[in-house]
Amino acid sequence: MEIAKKKTIIGFIGLGVMGHSMAGHLLEAGFALHVYNRTASKADDLVKKGAVLEARVADLAQKSDVIISIVGFPGDVEQVYLGSLGVLENAKPGSIAIDMTTSDPALAIDLYDKGRQKKIHVLDAPVSGGDLGAKNASLSIMVGGDKKIFDKALPVLEIMGKNIVYQGGAGAGQHTKMANQIAIAAGMVAMCEALAYASRAGLDPETVLGSIGQGAAGSWSLNNLGPRIIQKNDKPGFFIKHFIKDMKIAAASSKRLGLETPGLDLALSLYRKMAEKGLENDGTQALYKLFE
Ligand code: NAP
């Protein structure tokens, strides 16, 4: 199958904070786009722009050449892909299914194996770059699966992201995303501590950010989420509940690999405190509340 605008039908599942922007870019690029979302109304504006709304995952899968999903948790990925109404039972042989949810590497391998039995090519392709990266089509996309299929899918991925890297066989994309989340986890704690310190020392946090965001401490989190912390804007962005899900997957995977991750464990324990306070639907930057 060759991927070409107009000819290739893309089916997009999951129109949340990330998926809605990503699907919009594919539509603007000229692909025929079929969409499915559990809450159908989230597709309204995309339908006005020409997308076709499908009532069931099965209908979308039957009609699409390339299927892209970005839902919430591994359990949601299982629901979308497995079972008689799922992607794998209904997609055409030869189609490509790309799961961009941050999910479990073991599940990615399972979907790849099950897809193979049906001649459906499955890639795991989680993303980094946040809501802004999705909006600006500048996501970093880390991909696992067959290299030949990655090469075929690349023109589609390039519409949603800027840094698209093949990481290896099935599950390698999700393992890379776990490394990404481990790096971010301790960094979130460090950022909140640094801004709390600046404020306690009587400094203007915005002026401080102007210095430390541009020096050796600079990071995506500091420069994009630091301003939200200063403005006390807790809106997601990236949900705390999803970050906890990622850290739990990363911690379990590290344990299986015999790796100790004290930084990750600390971050996970602090975010669990946030969830206990009922704040799991805040953005991850809301961690600053623990330091106030
Ligand atoms: P979100 O806003 O909650 O979007 C998830 C979407 O998936 C929603 O549209 C939801 O439908 C749909 N969905 C969930 N479970 C489903 C199921 N079982 N069946 C069908 N549809 C289902 O979350 P998001 O922020 O876009 O994040 C999506 C994924 O990307 C997560 O795995 C997250 O960890 C990852 N991620 C997020 C960011 C970020 O900054 N936001 C960055 C990188 C990666 P409803 O509309 O009905 O709820």
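*Asks:* Any chance you could explain the packing of helix α1 (residues 17-28) against helix α8 (residues 147-160) here in plain terms?
*Replies:* The geometry of a pair of packed helices is captured by two quantities: the angle between their axes and the separation between those axes. Closest axis-to-axis distance for the α1/α8 pair is 8 Å, and the angle between their directions is 115°. Crossing of α1 over α8 shows right-handed handedness. Contact with α1, carried on its side by Met22, His25 and Leu26, involves Val156, Ile159 and Met160 of α8 and no other residues of that element. Residues that form the contact of α1 with α8 fall into these classes: 5 nonpolar, 1 polar and no charged.

*Asks:* I keep staring at the environment of Ala29 and nothing clicks. Help me out?
*Replies:* Looking at the secondary structure, you find Ala29 in the loop between α1 and β2 (32-36). Residue classification places Ala29 among the partly exposed residues on the basis of a relative accessible area of 23%. Along the sequence, Ala29 and His121 sit 92 residues apart, while their C-alpha atoms lie 23 Å from each other. If near-sequence neighbours (up to four positions away) are discounted, Ala29 is found in contact with Lys5 and Ile159.

*Asks:* Would you explain helix α6 (residues 105-117) in this entry?
*Replies:* Structural remark: α-helix, 3.6 residues per turn; residues separated by three or four positions point the same way. Compared with an ideal rise of 1.5 Å per residue, which puts 13 residues at 18 Å, α6 spans 19 Å between its outermost C-alpha atoms and is within 8% of the ideal. Taken together, the buried positions of α6 are occupied by Pro105, Leu107, Ala108, Leu111, Tyr112 and Gly115. Looking straight down α6, one finds its buried side chains confined to an arc of 155°; they lie on one side. If you follow the buried residues of α6, they end up packed against α4 (74-81), α5 (87-90), β6 (121-124), α9 (172-200) and α12 (240-256). With a side-chain oxygen positioned 3.0 Å from the backbone nitrogen of Ala106, the residue opening α6 is Asp104. Looking one or two residues beyond α6, the residue adopting positive phi is Lys119, at roughly 60°.

*Asks:* Would you take a moment to explain the domain arrangement of the protein chain for this structure?
*Replies:* You'll often see interface size given as the accessible area lost when the parts meet. Parsing the protein chain into structural domains produces domain 1 (9-169) and domain 2 (175-290). On a C-alpha basis, the centroid separation for the pair domain 1 and domain 2 is 27 Å. On the side of domain 2, 16 residues touch domain 1, which itself brings 17 residues to the contact. Across the domain 1/domain 2 interface, buried area totals approximately 1400 Å², and carbon plus sulfur atoms make up 64% of it. Ranking the residues of domain 1 by area buried against domain 2 places Phe73, Thr102 and Pro105 at the top, with a combined share of 34%. Taken together, the connections running from domain 1 to domain 2 amount to 1 salt bridge. We note a salt bridge from Arg228 to Asp131, for which the minimum N-O separation is 3.4 Å. Here domain 1 is connected to domain 2 by 5 residue pairs in polar contact (both at pLDDT 80 or more). Put simply, the parts of the chain that give the side of domain 1 that touches domain 2 at least two residues each are β7 (127-128) and α7 (130-135). In terms of residue count, α7 provides more of the side of domain 1 that touches domain 2 than any other element does, 3 residues in total.

*Asks:* Looking at this structure, how should I read the pattern of salt bridges?
*Replies:* Pairing is possible between side chains that carry opposite charge, provided their charged atoms lie close to one another. Overall, the coordinates contain 11 salt bridges when judged by the stated rule. In this structure, Asp110 engages Lys114 in a salt bridge whose closest nitrogen and oxygen atoms are separated by 2.9 Å. Here the residue Asp110 and the residue Lys114 both occupy positions in helix α6, the gap between them amounting to 4 residues, near one helical turn. The shortest N-O distance in the salt bridge between Lys147 and Asp151 comes to 2.9 Å. Highlighted residues: Lys147 and Asp151, both in helix α8, separated by 4 residues, approximately one helical turn. By relative accessible area, which is 39% here, Asp151 ends up partly exposed. One network of salt bridges, in which partners are shared, links Asp234, Asp282 and Lys289.

*Asks:* Quick question: what am I supposed to make of the side chain of Lys245 here?
*Replies:* Mapped onto the secondary structure, Lys245 falls in helix α12. In this structure the side chain of Lys245 is engaged in a polar contact, spanning 3.2 Å, whose partner is the backbone oxygen of Gly72. Contacts of Lys245, omitting those with residues within four sequence positions, involve Gly72, Phe73, Pro74 and Thr102.

What counts and what doesn't
- Residues numbered from 1 in each chain as written.
- Predicted model: local features only at pLDDT ≥ 70, side-chain atom pairs only at ≥ 80, totals over all residues.
- Heavy atoms only, no water.
- Axes fitted to C-alpha atoms, helices over the stretch in contact; angles between N-to-C directions.
- Helix = DSSP H or I, 4+ residues; strand = E, 2+ residues; numbered from the N terminus.
- Left-handed = near helix turned anticlockwise from the far one by under 90°.
- Contact = heavy atoms within 4.5 Å.
- Nonpolar A, V, L, I, M, F, W, Y, C, P; charged D, E, K, R; others polar.
- Buried < 20%, exposed > 50% of the residue type's maximum accessible area, 1.4 Å probe, protein only.
- Expected span 1.5 Å × (residues − 1).
- Arc of directions from axis to C-beta.
- Polar contact = N/O pair within 3.5 Å; in protein donor to acceptor, adjacent residues only side chain to side chain.
- Domains from an automatic or database assignment.
- Buried area = accessible area lost by both parts, 1.4 Å probe.
- Salt bridge = Lys/Arg side-chain N within 4 Å of Asp/Glu carboxyl O.

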